[in-house]
Structure formats: structure tokens, C-alpha cells
Amino acid sequence: MRRTVDLDALRQVLCAALGSREPVCALSRLGLGVGAFTEDDVLHRPTLVAGAAGHGPTSPAPAAHDVDALIRRAAESAAAQILVPRVRRTDDTGALRAAGFVPVAAGAECVVRLSGDVDALLRGRIGAEHLDDLHRRSRAVSDDLSWERIPLSGLDERPWARDAFVDLHGGLLDAAALRALRQSHLADRAELLVRRRGETVVQAGLLVGSHSGRGLYCLALTTDRDDPADRHDLHAVSLYQVYVEARRDGLDWVHLGQGETEHGRALGADLFVPLDHWLRTPGLATPEQAPAEQAPAVPEISRFASLPVTTVAVPGPARFRHRPRFDLVDLSSNTNPLLGPGGRYPELDTTDLARTYLTTVAGLPGHDGIGALTADHLLFSSGSVDAVMLLLTALTSPGDRVCVTPPTFELYAHFAQVLRLPVVEVPLGGDDVNRLDVERILAADPRVTILCDPNNPVGTRLDPEQVHELIARTQGLVVIDEAYVEFSDKPSYAGLVAGHDNLIVLRTLSKAWGLAGARCGIALAQPGIIEGLRRVQVPFGFTDASQHAVRERLVDVRRVRDSIGHILTERDRMAALLAEHPTVDRVFPSQANFLLVRLHKHEQVMDRLRAAGILVADVGRLVPGTCRISIGERHANEALLDALTAAL
């Protein structure tokens, strides 16, 4: 619907509705939400409407020669002003600005992407409870109302459908507009959606297929608000049916039109592209409601980025991740189009998923301050260990030292050594292995210090005063791996990211969120650091299947919190039982979902556990005489206790 030929057709549709040769009318007639221009003379001046006119989903930003042509047409038609409606902020709007057009925020276009079972997708977007309610309402409506989709070419045989559509919509979607649409090349892709009770039409909509054959535009959907069926939220129920049929027909997306993101999200949308209306009129200043969010710009790269990274761009198509691709005929990827959707690369724009993650996590205990972060502060990686490799690659140079604090996760030093970076070990101290030697770390002057908090394999939390001191005093980066922080009753450090350009917090959905198979890690840092990481990250590593799994889990946070509570209860029970067991010398305090246990006869007990078919992590090389025991389901934990007793 953004092709020139489609725009020309839509312009003729608007002209037919206006009864004129040029699409000139007052702004107040368009119903585009242009109320931010509050001056009466602006709202009522003759306006040349450009782009996708009043009936299209979005308008491509015109190039300079197109803007010149618009200005000439406006003069010829005696139009006092020009409107280019619903322009994506990801478009190049330089020509509009140069010609004196002024933007005003217009919400976002909302798209429901369909890459699998509709119910599975919606469960991950609106939650299981809301999906169940939608099913209930859908059944109630199906018992009461019929459902029909009538090709535009068949309206002569069904004039009642045309008349009902016009009566419900009114305004610029009148009989003349429908007639012009039927006479255009869009007619073959257009149909009316009608719900009725007997002979009474309760709801009518206009659907148009995309030129690529992959999607469907819902250009209009209006319900009789006085009808009893409206109590079932007939709008959402009918859209659900559209999704089901679109997916059945092999389509990949449904475009819901312009709206607010929260409303679109409640309808299952997962792609939101901010829009602006652009108006050129004499003497108009930028309105107070001017766009708060311009097209994404490349952040200034962090001072910690290595020199080679500062000289390269984000690789390949990831540079264009914010530019919508759903409505394009994509012949750029050299993949096999004949074997189904698995032949397409994953979605690169994860902005909305990042916002969903931040919003969800901000509601968890101990996450004060994370609400100040935006999607620009977040990078999804293939597990948090992948983020370690990315940051060491992007933010260090040969000879830079990497400090680790054993006992700790061994892959930190492993990746540093693979990259030929000198590793400095500054062991943790204290009975609970949670004391940092800050002075010794500072004396080593590392480029990167990696802390594991809660610690793996010990399970304890570091002294927060020492962590704050290290962040404030070091000249290098501090990386805090919080893989287990959801199990801790002490706060996360994620809320500090906005205020410190040398802090990176790593998170994962493998542990508390139960998505180890989805391979989803998260790096939180200032945008300049995230930009550096993107420049070394392999594109398309975050698969569509993983994105869907993550979204579904994030909207089911109550289930996650309940499971964490169960694990903590079981952890405390197991800690008490193990502390009294004759094979156990000590159980270390834990703020994670595992217990570090020192055994009296380490090798003998480990052999007996293996013989009993029970696998625990032997970490005796890190903390002598110990093993790390994950908290499992009750029957698994009991099997461990039985095996320990047998080891006596």
C-alpha cells in the first residue's frame, strides 16, 4: 500500500469521496487525529492531502522532487496547506523539513506478525488469561452472529452489504469511495467483512491484501455500539477471526492501522512503527505535541570501544533493524522461498520485546531504577555467556587486562584467554566467599572486571558497598553477571546502568525464567556500549522461535514468580537437611537456586552419586571438597538425599 500505483489508486478513492479532481478538503474531515494543530483556521483551511490519502495505512516520505510537485499541485488547486499523513519516523523526512513541513505525532502503525499457531502467538502477547477470555467471547459471538467476507467484485449481488458498510462508517468511506475502489487495481485484493444477526448488520470492515501476497491490511472495522453483541468486545473478537483465517491462508501479518501501542498490544500486535503527520501551512509553528521520539539515530559509541570497532558499522542487515520490512517484496536475502517460513531470517527489530522485558522486570522486587532504561540500553544475545564474548571482543584491545574473582564462572577467563587477553585473578575472601579485594583490583588497572553476583558456584552475594566503590573508582569497565539475581532477596544493579557509563549488567532467561533452550541473554548498558556490542554481534542470532518463547514467558510473569517462590522454599528445606547430613561438612549460604556443599569424603561421595545416576556439579577444583547442587523438583531432591544416605 506504499507503492506509487497503490497511492494513486487511494488518491482517486479520496477524490471520489470528496467529489473533486484533487484530494483537497479541510483537515477536520479526515478523522486522522490531527487535533494537535488546534488553530481553527488550520483545521478548516483547504488542504491538499498527499501520500496514502485518507484511506491508506501509511504514507512514504516523499523525495525532494515529489515535495516540489505537491507544492505546485497545491498552488494549482488553491489549497492553502499540504498534509502528508502517517509517515513512518524510520523514513527519510529531510525533504519535508527542508520545505517547511511541521511534524505532529500520530501514534504508531500496529502490525500483528503471524509466524506460527495463532493461539500460541497470542498467548505470548496478551497472556493465557486474556486469550481464554477472548475464546469465551468468540464462542458467544459465533452463537449469535454470522461471519462473511465478501469480495468487492461481488457487491452488486449484495447491495445490502455495501449500504450497511456505508451506514456504519459514514464520512469519507461512502458509496462513491467504494465505487472508486472497485474500479481500481486494488479491487482484486479488497473485500468487505460483515457480521450480522439475521438481516441486521452489526459490524462491517474493509480488508485489502498486500501486493506481496504475504499480508492483510484492515483499513476499517466499525461496530454498532448500540448492539448487545458489542459487550463482547466485538472488535477484538473479529480481529481474532481475521488472524486465524489469515494464518490458514498462509499470510504472515495483519496490519491494524494507526493507533496507540498499548491498545495495539492488547489486540496481539507485536510491531509498532511510530508515525507523524507532516503539515505545511503559512505561519505554523511546531506544536506542543511534536514527536517526542524521532527516527532512531546511531548512538555515539562508548569511549571504551576498541579502535577497530569504532571504525566499522553494525554488520549487514542489522544496520536497518528499525526499518519495517513486513510490507516489502524481499528479494535481498538469497534464501529458498519454496520451503515455508523457515527459509526467512529472524526478525531483527526487537525494540518492542526489549520494552516488554524492561517493563516486566521493573515490576519485580529489587529492580528500582530499571524503569529509567530504554530499548537502546538493551541487547539480546545468545545466552549471557555470548554477551561476555561480545563485550571482550568489542571493548578490549591486545594487552588489556581482564580481572576475574575466583571462585567464579570459568568461562570469563576462558574467553579472555581465547582472545589472548591477560587474565588477573583477585580471589574473593571471607568465610562466605563474598569479599572483594577492591584495592588489589584497582592496582591491577584492568580494562574489564567481571563479577558474578550471585556468585557461581558459591551462591552468595558480594558486599554491595565494595561493588559500588569499585564502579566509582575504577578506570575500566565493571561487568556484573546477574544470572541468578531473581532468586536473591537483595537488589539488582541494573538500576545503576543509566548513571554509569562503565557498568554492564548481564542477565539471562535460562535460569529463573526457565528458557535455557531459547538461548536468550541480555546485556544492559548505556547506548554507546550497546552500539559497540552490535558492531561485533553476528546478525540473526536471536531466532524467531526464541523471540516467541521469550515474549510468552514475559507475559506469564505470575507463573514465573510462583515457581521462584517454590524453588526458594525447597532450597531452604534442602539447606537445612543437608546441613544435618553426616556426609556434609558445610552448606554455604545461597542467594541462588543452588547450594554449594562441602563434603567430608568428597571423591567417595561423588563416586556414589554418579553410581546412583545423580549428576551434580563437581566444583572441587574451584572450592576444595565441594559440589554444587541445583534445586530440582521434590522427587529429584529426595533422590539426592537417599543417595547421600546410601553413600554412608
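Quick notes on the rules
- Residues numbered from 1 in each chain as written.
- Predicted model: local features only at pLDDT ≥ 70, side-chain atom pairs only at ≥ 80, totals over all residues.
- Heavy atoms only, no water.
- Helix = DSSP H or I, 4+ residues; strand = E, 2+ residues; numbered from the N terminus.
- Contact = heavy atoms within 4.5 Å.
- Pairing = 2+ DSSP bridges.
- Axes fitted to C-alpha atoms, helices over the stretch in contact; angles between N-to-C directions.
- Salt bridge = Lys/Arg side-chain N within 4 Å of Asp/Glu carboxyl O.
- Buried < 20%, exposed > 50% of the residue type's maximum accessible area, 1.4 Å probe, protein only.

Attention now moves to the environment of L27. Here L27 lies in the loop between β1 (24–25) and α2 (40–44). Between the alpha carbons of L27 and P422 there is a distance of 66 Å; along the sequence they are 395 residues apart.

On to the side chain of T93. Mapped onto the fold, T93 is located in the loop between β3 (81–88) and α4 (94–98). If sequence neighbours within four positions are ignored, T93 has contacts with A61, V87 and W278.

Moving on: the sheet that holds strand β18 (residues 584–587). Here four strands make up an open sheet; going across it, the order is β18-β19-β21-β20 and the pairing antiparallel. The open sheet terminates on both sides in strands that have one partner only, identified here as β18 and β20 (617–618). Along the sheet face, helix α19 (residues 557–579) touches β18, β19 (594–599) and β21 (626–630) and points at about 5° away from the line of β19. Contacting β19, β20 and β21, helix α20 (residues 602–611) crosses the sheet at an angle of about 125° to β19.

The full count for this structure, using the stated rule, is 50 salt bridges. Between R303 and D501 there is a salt bridge, with its nearest N and O atoms 2.9 Å apart. Placement of the pair is R303 in the loop between β10 (271–280) and α11 (307–310) and D501 in the loop between β15 (477–481) and β16 (503–508), with a sequence separation of 198 residues. Since its relative accessible area comes to 57%, R303 is described here as exposed. A relative accessible area of 30% places D501 in the partly exposed class. Notably, a salt bridge pairs D352 with R551, separated by 3.1 Å at the nearest N-O pair. Note that D352 is positioned in helix α12 (residues 351–362) and R551 in helix α18 (residues 544–554), a separation of 199 residues in sequence. D352 sits in the buried class, given a relative accessible area of 6%.

On to unusual backbone geometry. Here P406 and P407 are connected by a cis peptide whose omega angle stands at 0°. Mapped onto the fold, P407 is located in the loop between β12 (402–404) and α14 (411–418). In this model, D453 is joined to P454 through a cis peptide bond whose omega is 0°. Of note, P454 is situated in the loop between β14 (448–452) and α16 (464–473). Look at R86: it is not a glycine, yet its phi comes out positive at around 50°. Structurally, R86 can be placed in strand β3.

Another point: the sheet that holds strand β4 (residues 102–113). As summarised here, the arrangement of the 10 strands in space is β1-β2-β3-β10-β4-β9-β8-β7-β6-β5, forming an open sheet in which the pairing is mixed. The open sheet terminates on both sides in strands that have one partner only, identified here as β1 and β5 (146–151). Sheet analysis places β4 next to strand β9 (residues 253–259), joined by six bridges and oriented antiparallel. By the bridge assignment for β9, R113 is matched with W253. Across the sheet, helix α3 (residues 64–76) is in contact with β2 (47–49), β3 and β10; its angle to β3 comes to roughly 145°.

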